[in-house]
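Each chain, written out:
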Amino acid sequence: MNSPALQPFSPAAVLFSTKAATLEFLTPHLTTAVILPLYRFGLAAYLRNPQAVLCDIMSQAWSGQPLIVRSSAWGEDSSESSQAGHFDSVLNVSGPAALRVAIETVTASYGDADPRHEVLVQPMLQDTAASGVVFSVDPNTLSPYAVIAIADGADTTTVTGGRDARTVLISRHAPEIKDERFARLLALITELEAWTGSPALDIEFAFDAYGKLYLFQVRPLVLRNPPTISAAAHQEALAHIALQIAEKSRPHPYLCGRRTMFGVMPDWNPAEMIGIRPRPLALSLYRELITDEIWAYQRSNYGYRNLRSFPLLHDFFGQPFIDIRVSFNSFIPADIPDPLATKLADYYLDCLERRPALHDKVEFEIIFTCYTLDLPDRLRALSAAGFSDDEIATIQDKLRQLTNTIIDSRGLWHQDAAKLETLSKRFEITKSIENPISRIYWLIEDCKRYGTLPFAGLARAGFIAVQMLRTLVSVGALSETDYQAFLGSLEAVSTEMARDRQTLGRTVFLERYGHLRPGTYDIRSPRYDAEADFYFDWQNNDGKSEAAVPFALTMRQMNTINALLKEHGLAHDVVGLFNFLKAAIEGRENAKLIFTRNLSCVLESLAELGQSFGLTREDLSYARIGDILRLHSACGDAETALRRSIAEGREAFALTKAIALPPLITAPDDVWCIETPVMEPNFVTQLAVSAPVTGHENRAALRGAIVAIPSADPGFDWVFSHGIAGLITAYGGVNSHMAIRAGELRIPAVIGAGQVLFDRWSGAQILTIDCANKTVEIVT
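J.: Can you tell me about the overall build of the protein chain, naming the residues and giving the values?
T.: Looking only at helices and strands, the protein chain has 29 helices and 21 strands in total. Radius of gyration (C-alpha) of the protein chain: 30 Å, near the 28 Å computed for a compact globule of 780 residues. For the C-alpha atoms alone, the extent of the protein chain along its principal axes is close to 95 × 65 × 60 Å. For the protein chain, the proportion of its 780 residues judged to be buried stands at 57%. Of the contacts formed within the protein chain by residues at least 6 apart in sequence, a portion of 69% connects residues at least 24 apart. A total accessible area of about 31300 Å² is found for the protein chain, and carbon and sulfur atoms account for 52% of it.

Structure representation (structure tokens):
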């Protein structure tokens, strides 16, 4: 209802003039949702005769209910700018006196007496079951997704107030929407688009306990840039991805398991290493150096099933996903019979489907990749899944044999360490090749044969070492303090780098570590030696860098562990085991340092080549490494080929940015409806800290802060030299570089929080991290 001071408007004039006018116009027309009764009045009318307005409101049939007094300022919801949340609203208002106070609170928030301002009064919605906000397009990419933030419960301010809520993206072209509430929201969007003529809307809504949908508000969603791709191209891309997932999910004659899934964090964890939307150069380098072939050669060499013809990573229009069935197959010992291997692979996949939040912890929580002291207890879960005692015994025996072979003092990990020495020697020769294309080719060939292949082996040995160490704690042979003390005793590269940072001169330090960079595969990311003054504070060397503290077992612990090793049939004594634990964990970190030197030189050589053609690093980030490698053995103009690769990469990356996919895809339908799950983070150390939060790029604010970085990439190691108080990463596992580094330095850390929690925590001003209790609290 209008106050007498307001004149009726034409629809074109009413829509988006004020919140109240828009809702009043839509009330008699809307069929997909209900608008609560409303009373709108102009600020000028209220200032002339406030008592008359109050009496008019109190005469409404619904005025005896609790009321909400809402802002409806002129220009609040314009198509040029949004002032969402800028003005006050007052909830649960009862009685004339409280109504007057609420109105004056709202009008005071306008900041001026523009006569076009209005105030909107409505009854509060009763029996609210859920509420939220839905955008008709993705505001970040302008892609055709309905972006729904919804929270169950009676509090209608949960979402608008920035508190916990589910976030779901649904393609506007989804063939089917199974959730009835979401289907009704999309119908509401379609109707509001028809009435408003606006392609981008911001809609506030609620459902009551009886399932009725209410519209609280609709405003234009202010967008500054046009969409990167057409809606038709977007729909076609999602259909292709769904088709590819359906095809890859069929049974395969050379794979165990009746289906597959795809994830961004299992196994070689592309989300951590290159991100979920890497540039084409970074993605193609990661595939070339590791996930196309190298990964499978290493697994086969170490006694697991031979998957050498299967790529581990698939890219869905540029977004990298691990084929989880292939990954799970590759962790089954090679001598387990096929029928049992198939049964085991299906068991793993079923477990992950039931517990998707563990998709970044599959090697710890779901699959059995080696023999540990708690393995017999963990294998008991197989009985409930239909495995016989003989089958369980076979799995246990084969894992024991495989683990004994890997841990052996003459095992392959020793040979892998020797290959890294070969890589270091060849690097000094290869980097001097004059032609940059030939130099790139040989740097990559050497890196695969003598770098990433042995690194993959040492990484596997390092993972087994950490898992074995953790089980020594779980069975009571070591305490948590012992575990942290052992990590602190390691002479890992990261520890040496921190110490060298304090003891070596700038030139010598950068000669040793200058090739490292955040974003190891990203040509746009400056090396340490290119931006040394940004990465390091050369005047203040007070970052944590304590010398490694010797670790020693008591005689009682040694006897206990020896007895355990004998009991479990592990063919090593306590001294041999701890020699392996130390060498494997240190070796993995050393291998990273060595092979990334080749990789970094590849990126610099490509930058050199591009510069000769007038191409920037930004340009080159769109090229594919395969196009460059072909130039080594084919005739053709290098500049033409490179520019063609860049142009194709730019076009492809526009689609990469426009597509949203869930971090775990279990079925083809998942590509149409995406809900980012809340993950179970990895807490490092048993310590607690309360400190301001800052991003890694804010160098001046790092000291004493909890630093938020997107991944656990070892190139971010430089942040530890700035005296940080804590660490949070979006991606990364308990076995990642930054997790181990934080443990060494006794820095409270939350590794692999997932995008939902990372966005929430990184946006806070002050956080409290309590690793022992596994909690993170937003202080402000």
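J.: Quick one: what's the story with the packing of helix α12 (residues 338-354) against helix α16 (residues 389-407), residue by residue and with numbers?
T.: Contact pair α12 / α16: the axes reach a minimum separation of 11 Å and the direction vectors enclose 90°. Comparing the axis directions of α12 and α16 gives the class roughly perpendicular. When α12 is examined against α16, the residues L340, K343 and L344 are found in contact with a partner set consisting of E391, T394 and I395. Counted by class, the contact of α12 with α16 contains three nonpolar, one polar and two charged residues.

J.: Got a sec to walk through helix α23 (residues 555-567)? Specific residues and values, please.
T.: With 13 residues, α23 should cover 18 Å at 1.5 Å per step; its first-to-last C-alpha distance of 18 Å lies within 8% of that length. Buried within α23 are the following residues: Q557, I561, L564 and L565. Taken end-on, α23 shows its buried residues confined to a sector of 100°, consistent with a single buried face. Turned more than 90 degrees away from the buried face of α23, the exposed residues are M555, R556, K566 and E567.

J.: Please provide a residue-by-residue account of the confidence of the model for the protein chain, values included.
T.: Chain-level pLDDT for the protein chain is 89 on average; 93% of the residues reach the 70-or-more range. Considering each helix and strand of the protein chain separately, the mean pLDDT is smallest for helix α1 (residues 11-14), with a value of 46, and largest for helix α11 (residues 324-330), with 98. In the predicted structure, residues 3-14 sits below a pLDDT of 50 and forms 18 contacts with residues beyond four places in sequence or in another chain.

J.: Which residues make up the nonpolar core, and what values do they have?
T.: Ranked by size, the top nonpolar core spans 122 residues in total, and within it L472, Y521, I561, F578 and L581 carry the most contacts. Residues A654, I659, Y731 and L767 belong to the second largest nonpolar core, which totals 76 residues.

J.: Tell me about the side chain of Q467, and please be specific about residues and values.
T.: Among the secondary structure elements, Q467 is positioned in helix α18 (residues 436-474). A distance of 3.2 Å separates a polar atom in the side chain of Q467 from the backbone oxygen of E363.

J.: Before we move on, can you summarise the packing of aromatic side chains with the specific residues and values?
T.: Aromatic rings considered in pairs are described by the distance between their centres and by the relative angle of their planes. Here the structure, examined in full by the defined rule, presents 31 aromatic pairs. A ring pair is formed by F262 and F316, whose centres lie 5.2 Å apart and whose planes are at 75°; its orientation type is edge-to-face. Placement of the pair is F262 in strand β10 (residues 262-263) and F316 in strand β11 (residues 313-316), with a sequence separation of 54 residues. Neither F262 nor F316 differs from the other in exposure class; each is buried. Between F551 and F578, the ring centres sit 6.1 Å apart and the planes meet at 15°, which makes this aromatic pair stacked. Remark: F578 occurs in helix α24 (residues 574-612) and F551 occurs in the loop between α22 (532-535) and α23; sequence separation between them is 27 residues. Under the relative-accessibility criterion, F578 is labelled buried at 9%. What links up through ring pairs into an aromatic cluster is the set F509, Y513, Y528, F534, Y535, F536, W538 and W718. Between K343 and the ring centre of F387, over which it is positioned, the NZ or CZ distance is 4.8 Å.

Criteria and thresholds
- Residues numbered from 1 in each chain as written.
- Predicted model: local features only at pLDDT ≥ 70, side-chain atom pairs only at ≥ 80, totals over all residues.
- Heavy atoms only, no water.
- Helix = DSSP H or I, 4+ residues; strand = E, 2+ residues; numbered from the N terminus.
- Rg over C-alpha atoms; globule rule 2.2 N^0.38 Å.
- Buried < 20%, exposed > 50% of the residue type's maximum accessible area, 1.4 Å probe, protein only.
- Contact = heavy atoms within 4.5 Å.
- Areas by Shrake-Rupley, 256 points an atom, 1.4 Å probe, with all protein chains shown as cover.
- Axes fitted to C-alpha atoms, helices over the stretch in contact; angles between N-to-C directions.
- Parallel < 35°, antiparallel > 145°, perpendicular 65-115°, else oblique.
- Nonpolar A, V, L, I, M, F, W, Y, C, P; charged D, E, K, R; others polar.
- Expected span 1.5 Å × (residues − 1).
- Arc of directions from axis to C-beta.
- pLDDT = per-residue confidence, 0-100.
- Core = buried A, V, L, I, M, F, W, Y, C linked by side-chain atoms within 4.5 Å.
- Polar contact = N/O pair within 3.5 Å; in protein donor to acceptor, adjacent residues only side chain to side chain.
- Phe/Tyr/Trp six-rings, centres within 6.5 Å; stacked < 30°, edge-to-face > 60°.
- Lys NZ or Arg CZ within 6 Å of the ring centre and 35° of its normal.

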